[in-house]
Amino acid sequence: MMTSRSDARYFTSQKKGEVAEWRDEIHDPDRDKRKNAVKKVIAAMTVGKDVSMLFTDVVNCGQTDSVELKKLVYLYLINYAKTQPDLAILAVNTFVKDSQDPNPLIRALAVRTMGCIRVSKIIEYLCDPLHKALLDEDPYVRKTAAICVAKLYDAGPEMVTEHGFVDHLRELLDDSNPMVVANSVAALAEIREKSCSPDSTVGLDSKVVHKLLAALNECTEWGQVFILDTLSSYVSQGDQGAERVIERVLPRLQHANCAVVLSAVKVIVVQLEDLRDPARVQQLVRKLAPSLVTLLSAEAEIQYVALRNINLIIQKYPDILKSEVKVFFCKYNDPIFVKQEKIETM
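Report on the accompanying structure. Fair warning: this is a prediction, and the values are worked out from it, not measured in the lab.

1. Quick look at the nonpolar core
Part 1: Formed by 110 residues in total, the largest nonpolar core has its most connected members in Tyr 76, Leu 77, Leu 130, Ile 227, Val 249, Leu 272 and Ile 320.
Part 2: Considering each element in turn, this core owes the most residues, 10 residues, to helix α18 (residues 258–272).
Part 3: Among all residues touching Leu 130, those that are not within four sequence positions of it are Val 111, Ala 145, Cys 148, Val 149, Leu 152 and Phe 165.

Shown next, in the form of structure tokens:
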């Protein structure tokens, strides 16, 4: 009988569980302790533990001026908002308040997080902050808001159309900041892919093209890819327009990023259609050859993509690589898919 009583101590413990300890730390007056507690919760969430029971406690931590702590809280919200949509409404006031914060990083963070939470009740409250963010004085907030429009379209296309967000994106193509321009182009391109409506197109004219070409030199490489892909659908008005576009795009052929090079090749090939001087066309075609050859010395996957593009180009300009036949010789260590493309191209 004594033994059974002593065994009972294994089922009673004065030590709290992890969740209870984290909850106490989250409510601690010390901000550093609160931040460390939320980090522990995020770590547990990352490895697959269910910490949804701390939803309300973590959301209340979002009412702070610490950007780092807000990022952690918003990361938690994005993960659990779908499974806790009713509780997610508790964070709406925090989002709306943060979208008006003096710190542009916090304003952008609030808009970005609301766009990532695909909960209809949250999306309803996103439109007003998003309108303000698209007109924000800080370019970082504007470029974040531009991408948020594409995310909102994915969740509720009718809402984007109803509130005129596509028109807002077109207006941002005239923005003074190249990253805002690039993100607006990217958002419009994504919307166009998901919608067959002509109203979602960028609406290229000479003025817009001039802006996009000016932004090329200053935006990131992936921003350049989006801009170049958009320019590939532009039809120039005569020789001068085509020459102008080609001259601005030619330096991109020397870019280190293969995606930028291929996008630049695409733009140039399209613009060559509008040139009437055969000698000038041949001169420009020859400038494409070195870049295409360089792509064939990259990784196998890039070689394959380059070969597929080369296969299309030589159908229009068969002499473009006539002096570079050796690059199409199959090597012993080429993957089979690269060998097949080389043989087909030859």
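2. Considerations on the pattern of salt bridges
Part 1: According to the stated counting rule, one finds 13 salt bridges in the structure shown.
Part 2: For Asp 334, the salt bridge goes to Lys 342, with nearest N and O atoms at 2.9 Å. For the residue pair Asp 334 and Lys 342, the accessibility class agrees, reading buried in each case.
Part 3: Ionic contacts of the salt-bridge type, sharing partners, join the residues Lys 35, Lys 39 and Glu 68 into one network.

3. What to know about the packing of aromatic side chains
Part 1: Taken as a whole and assessed by the stated rule, the structure comprises 4 aromatic pairs.
Part 2: Here Phe 55 and Tyr 76 contribute two aromatic rings whose centre-to-centre distance is 5.9 Å and whose plane-to-plane angle is 50 degrees, an arrangement assigned as tilted. With a gap of 21 residues between them, Phe 55 in helix α4 (residues 55–60) and Tyr 76 in helix α5 (residues 67–80) connect regions that are remote in the sequence.
Part 3: In this structure Tyr 76 comes out as buried when scored by relative accessible area, which is 0%.
Part 4: Note on Tyr 76 and Tyr 80: the rings are 5.0 Å apart at their centroids and 50 degrees apart in plane angle, and the pair reads as tilted. Placement of the pair is Tyr 76 and Tyr 80 together in helix α5, with a separation of 4 residues, close to one helical turn.
Part 5: Note on Tyr 80: relative accessible area 8%, which makes it buried.
Part 6: Here the aromatic residues Phe 55, Tyr 76 and Tyr 80 are joined through ring pairs into a cluster of three or more.

4. What about helix α13 (residues 165–172)?
Part 1: By the burial criterion, the buried members of α13 are Phe 165, Val 166, His 168, Leu 169 and Leu 172. Buried residues of α13 fall within an arc of 155 degrees about the axis and therefore sit on the same side.
Part 2: Residues of α13 that are buried sit in contact with α10 (127–134), α11 (139–155), α12 (157–162) and α14 (178–194).

5. Here's the deal with the environment of Thr 64
Part 1: Turning to its location among the elements, Thr 64 is positioned in the loop between α4 and α5.
Part 2: Thr 64 sits in the buried class, given a relative accessible area of 12%.
Part 3: For the pair Thr 64 and Thr 94, spaced 30 residues apart in sequence, the C-alpha to C-alpha distance is 9.6 Å.
Part 4: For Thr 64, the contacting residues outside a window of four places in its chain are Arg 31, Leu 69 and Lys 70.

6. Considering the environment of Pro 139
Part 1: Along the polypeptide, Pro 139 turns up in helix α11.
Part 2: Given the relative accessible area of 28%, Pro 139 is considered partly exposed.
Part 3: Between the C-alpha atom of Pro 139 and that of Met 179, which follows or precedes it by 40 residues, the distance is 8.0 Å.
Part 4: Apart from the residues lying within four places of it in its own chain, the contact partners of Pro 139 are Asn 177 and Val 180.

7. Comments concerning the side chain of Arg 107
Part 1: Residue placement: Arg 107 occurs in helix α8 (residues 104–116).
Part 2: With a relative accessible area of 9%, Arg 107 lands in the buried category.
Part 3: For Arg 107, the residues in contact, after removing those within four places along its chain, are Asp 98, Ser 99, Gln 100, Asp 101, Pro 102, Asp 136, Asp 138 and Val 141.

8. Brief notes about a nonpolar patch on the surface
Part 1: A cluster of nonpolar residues, Val 325, Phe 329 and Met 346, forms a patch on the protein surface that exposes about 300 Å² of accessible area.
Part 2: Secondary-structure assignment places Val 325 in the loop between α20 (300–316) and α21 (336–345).
Part 3: By relative accessible area, which is 38% here, Val 325 ends up partly exposed.

9. What about α10?
Part 1: Within α10 the residues assigned to the buried category are Cys 127, Pro 129, Leu 130, Ala 133 and Leu 134. For α10, the angular spread of the buried residues around the axis is 160 degrees, confining them to a single face. Exposed residues lying more than 90 degrees from the buried face of α10 are Asp 128 and Lys 132.
Part 2: Contact partners of the buried residues in α10: α8, α9 (120–123), α11, α12 and α13.

10. What to know about the packing of helix α15 (residues 206–216) against helix α16 (residues 221–231)
Part 1: With their axes 10 Å apart at the nearest point, α15 and α16 run at an angle of 150 degrees to one another. Overall, the two elements α15 and α16 adopt an arrangement that is roughly antiparallel. As for how α15 packs across α16, the hand of that crossing is left-handed. Residues Val 209, Leu 212, Leu 213, Ala 215 and Leu 216 of α15 form the contact with α16, whose participating residues are Gln 224, Ile 227, Leu 228, Thr 230 and Leu 231.
Part 2: Classifying every residue of the contact of α15 with α16 by side-chain character gives 8 nonpolar, 2 polar and no charged.

Reading the values: rules and limits
- Residues numbered from 1 in each chain as written.
- Predicted model: local features only at pLDDT ≥ 70, side-chain atom pairs only at ≥ 80, totals over all residues.
- Heavy atoms only, no water.
- Core = buried A, V, L, I, M, F, W, Y, C linked by side-chain atoms within 4.5 Å.
- Buried < 20%, exposed > 50% of the residue type's maximum accessible area, 1.4 Å probe, protein only.
- Helix = DSSP H or I, 4+ residues; strand = E, 2+ residues; numbered from the N terminus.
- Contact = heavy atoms within 4.5 Å.
- Salt bridge = Lys/Arg side-chain N within 4 Å of Asp/Glu carboxyl O.
- Phe/Tyr/Trp six-rings, centres within 6.5 Å; stacked < 30°, edge-to-face > 60°.
- Arc of directions from axis to C-beta.
- Patch = residues over 30% accessible without salt bridge, like charges linked within 9 Å, V, L, I, M, F, W, Y side chains within 5 Å.
- Areas by Shrake-Rupley, 256 points an atom, 1.4 Å probe, with all protein chains shown as cover.
- Axes fitted to C-alpha atoms, helices over the stretch in contact; angles between N-to-C directions.
- Parallel < 35°, antiparallel > 145°, perpendicular 65-115°, else oblique.
- Left-handed = near helix turned anticlockwise from the far one by under 90°.
- Nonpolar A, V, L, I, M, F, W, Y, C, P; charged D, E, K, R; others polar.

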